[in-house]
Amino acid sequence: MTESLQRLKFFCQVHQESCVTQRATPLPMCEQGPHSLTEDFLRDKWEYCCACESFFSRDDHQPARSKCPSCERSILARYLCDTCDTLSFETELPPPQRSFAFSPTGLPYPSCPCCLVRLQSPTVEHNCVNGLRAPFRTPRQLCPFCGESVVKPVAPVEVLQTRPLTEDLPTKPVLPTPPILFPSSFEKPVNEYLRALNGKAVIAKSVFTQPDALIESNDGQFWLTKYKGDDSFIVFPGIPRFGSAQDFTHFQVAFDCSNPEAGQVVISAPAVAYLNPTSRIWTITQKGRLKVQGEPSRSVTPELTPYQPTASAEDVPATGNKLPLFIGGGILGVILIGMLIYLFFGSAKRQIIAKVKQGQITTPVGNSAYDLFLSSNLSESDRAGLAKEISGDLNSKGEEVITQIVRDGYSPPIADCDGTAKIFAWLDTLSPQSSYKARKHYFQGRAAFDSNDLNRAENEIKQSMNFDQSLALSVNHMGRIYVRRKDYTTAQYWYQKAIEIDPNWMAPRSNLCTMAVENLKNYYLGEQACRGVLQLDPNKASGYYFLGRSLERRGYICDAAREFRTAIEKASGTTSPGFNVDSLSRQLPKLESQCSY
């Protein structure tokens, strides 16, 4: 490493003084005081001026400045590193000799000034209106200042390339000969486009761990082909028709469809994906639109049984006096068999109803209403009658558990999760509905999660979301799975998605508040999430505690002390406040001594 890169220059914005230290031991001390400018260089949030080569602390709570506070040059461009979170900027009239500069593509060169990681990822320009209030480039998918998705603008679709893309991609697109031109309306069956591509495309499948992402796979159901943007691709569904509405769920990551049903698939607008050449992952930047042309129903004329003349009494051979007895015995046998069937199955139906009314729906195991139902071969009419009798009771019991989870923060044990999953499975058997299937898989996923079987938990929650994307329970629980895997960035996505689905539910806001402070160290996001918690419940002690920690880490000591004091007051008489009340009580006087209220 060159000597210039080993040296770090910091600027104290309080005393307007600069100090220099070494990268190996970055403990900058402002001589006015003296006081330390940082205790953890790689964890704190910084801005860096490529002109005067100065680091200074960043306040995510404030809008971006227009000039460097050290050299006062006007800022022209910004870049946010996704590795160390440093916001570097280029200025007007920079000196000719310097360690870092912005490349023509808007990336600090030769590397990020803070973590020294060479920047190669594709970047997107994001105009942060509600947070930083300034544009910047970044490879991130979420803006840490405003929390919004960072979306790459998509150029109009003009030409598709049919060159096989398993080999290295060229720098510039190579037009096929002859080119395949598609009309802007795209109102044609998918089959025509797939036939035109003739297999000369990338086959890809969805990446469940990364929403809106596709990865190359021979068993994938998407076809991707390049068009004139260097790393932009058009996405097609890889099947020409849907056998049922369920088939569309495999493609909803990239397409919307107003009438998912069985029939021929027509593409109204293409989906567009952007390729990350390093990871070889495509991100959907524009969802497409599909519609289904239902096939005309074919009425089947019932086969007519040819007329057969009945035999007259004279044609029946005589059997003496035994015939009436034989006929009478046969009728009696049929009646007896019918009575036995009625007594057995009718009794089973009555027993099931009785057990449900007594609350023995899934317990005791082996002798519950559900177990009796599984072992009884009920007729269709009995099933229909049973559904009318017990569906209301089953649904009330299942929804009661969900209400306890959402309203009271109830965490059901594994046995209760299994039992509730059986209730919704039973409801789905009596009257198939996607909502029942979604809830069944959700509770099965919770049970697997509590058993620490994260792979099975993820699979169950994924199936739940496939059946019902509006079930915030499943979306929030996917965030919990990724927290346990220590993938906090993905967990943040799922928590924010759950908040969008149900803004009045406490759990995802509380989860995001805690994780942002404890794990992501994103104190601006933590403040936003914790304030959202307190809007729903002004008496939640942990909300004030984590809000105080967010403010303290960002330098708002007096504001933090007030939130800590409120947290202690709200925790009085609470069995599980979510933080160590005694420890905070001991530390608070020292913090308050720095403030004059």
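Residues numbered from 1 in each chain as written. Predicted model: local features only at pLDDT ≥ 70, side-chain atom pairs only at ≥ 80, totals over all residues. Heavy atoms only, no water.

### Re the packing of helix α9 (residues 472–484) against helix α11 (residues 506–520)
Contact pair α9 / α11: the axes reach a minimum separation of 10 Å and the direction vectors enclose 25°. Compared by their axis directions, α9 and α11 come out roughly parallel. The two elements α9 and α11 meet at a crossing, and its hand is left-handed. Every residue of α11 that contacts α9 at Asn476, Arg480 and Val483 is listed here: Ala507, Pro508, Asn511 and Met515. When the residues that make up the contact of α9 with α11 are grouped by side-chain class, the tally is 4 nonpolar, 2 polar and 1 charged. (Axes fitted to C-alpha atoms, helices over the stretch in contact; angles between N-to-C directions. Helix = DSSP H or I, 4+ residues; strand = E, 2+ residues; numbered from the N terminus. Parallel < 35°, antiparallel > 145°, perpendicular 65-115°, else oblique. Left-handed = near helix turned anticlockwise from the far one by under 90°. Contact = heavy atoms within 4.5 Å. Nonpolar A, V, L, I, M, F, W, Y, C, P; charged D, E, K, R; others polar.)

### Focus on the nonpolar core
In this structure, Ile352, Ile390, Leu394, Trp426 and Phe443 are the most contacted members of the largest nonpolar core, which totals 78 residues. Per-element tally for this core: the top contributor is helix α6 (residues 414–430), with 8 residues. With residues near it in sequence (within four places) discarded, Leu394 still touches Ile361, Ile423, Trp426, Leu427 and Leu430. Core analysis: the second largest hydrophobic core is formed by 31 residues, Leu224, Phe251, Phe255 and Ala273 among them. (Core = buried A, V, L, I, M, F, W, Y, C linked by side-chain atoms within 4.5 Å. Buried < 20%, exposed > 50% of the residue type's maximum accessible area, 1.4 Å probe, protein only.)

### Points about the state of the cysteines
Such a bond, covalent and formed between the sulfur atoms of two cysteines, is termed a disulfide. Following the criterion strictly, the structure yields 1 disulfide and no others. The disulfide that involves Cys513 links it to Cys530, with 2.0 Å between the sulfurs. One disulfide, between Cys513 and Cys530, carries an S-S torsion of 80° and so falls in the right-handed class. With Cys513 in helix α11 and Cys530 in helix α12 (residues 523–536), this residue pair connects regions lying 17 residues apart in the sequence. An identical accessibility class is assigned to Cys513 and Cys530; each is buried. (Disulfide = S-S within 2.5 Å.)

### Considerations on helix α10 (residues 488–501)
With 14 residues, α10 should cover 20 Å at 1.5 Å per step; its first-to-last C-alpha distance of 20 Å lies within 8% of that length. Among all positions of α10, only Tyr488, Thr490, Ala491, Gln492, Trp494, Tyr495, Gln496, Ala498 and Ile499 are buried. Lining the buried residues of α10 we find α8 (454–467), α9, α11 and α12. (Expected span 1.5 Å × (residues − 1).)

### Quick notes on the pairing of strand β24 (residues 281–286)
As paired elements, strand β17 (residues 213–216) and β24 share 3 bridges and run antiparallel to each other. Bridging from a neighbouring strand, Leu214 pairs with Trp282 of β24. Bridge count between strand β23 (residues 271–276) and β24: 5 bridges; the pairing is antiparallel. Looking at β24, one finds that Leu275 is bridged to Trp282. (Pairing = 2+ DSSP bridges.)

### Let's talk about the pattern of salt bridges
A full pass over the atoms with the stated rule returns 21 salt bridges. We note a salt bridge from Arg98 to Glu90, for which the minimum N-O separation is 2.7 Å. Given the relative accessible area of 10%, Glu90 is considered buried. Residues Arg439 and Glu399 are paired through a salt bridge, measuring 3.3 Å at the closest nitrogen-oxygen approach. Of the two residues, Arg439 sits in helix α7 (residues 434–450) while Glu399 sits in helix α5 (residues 380–408), which places them 40 residues apart along the sequence. The exposure class assigned to Arg439 is buried, which follows from its relative accessible area of 16%. A single salt-bridge network, built from bridges that share partners, covers Lys45, Arg58, Asp85 and Arg140. (Salt bridge = Lys/Arg side-chain N within 4 Å of Asp/Glu carboxyl O.)

### Brief notes about the pairing of strand β19 (residues 232–237)
Burial within β19 is extensive, with 6 of its 6 residues counted as buried. Side-chain alternation along β19 places Ser232, Ile234 and Phe236 on one buried face and Phe233, Val235 and Pro237 on a second face that is also buried. Here strand β18 (residues 222–226) pairs with β19 via 5 bridges, running antiparallel. Looking at the pairing, Phe222 lines up with Pro237 of β19. Bridge count for β19 against β23 is 4 bridges, and the pairing is antiparallel. Bridge pairing in β23 links Val235 to Ala271.

### Comments concerning the side chain of Glu47
With respect to the helices and strands, the residue Glu47 is situated in strand β5 (residues 46–49). At a separation of 2.7 Å, a polar atom in the side chain of Glu47 contacts the side chain of Arg65. Apart from residues no more than four positions distant in its own chain, Glu47 is found in contact with Ser54, Phe55, Phe56, Arg58, Arg65, Leu87 and Phe89. (Polar contact = N/O pair within 3.5 Å; in protein donor to acceptor, adjacent residues only side chain to side chain.)

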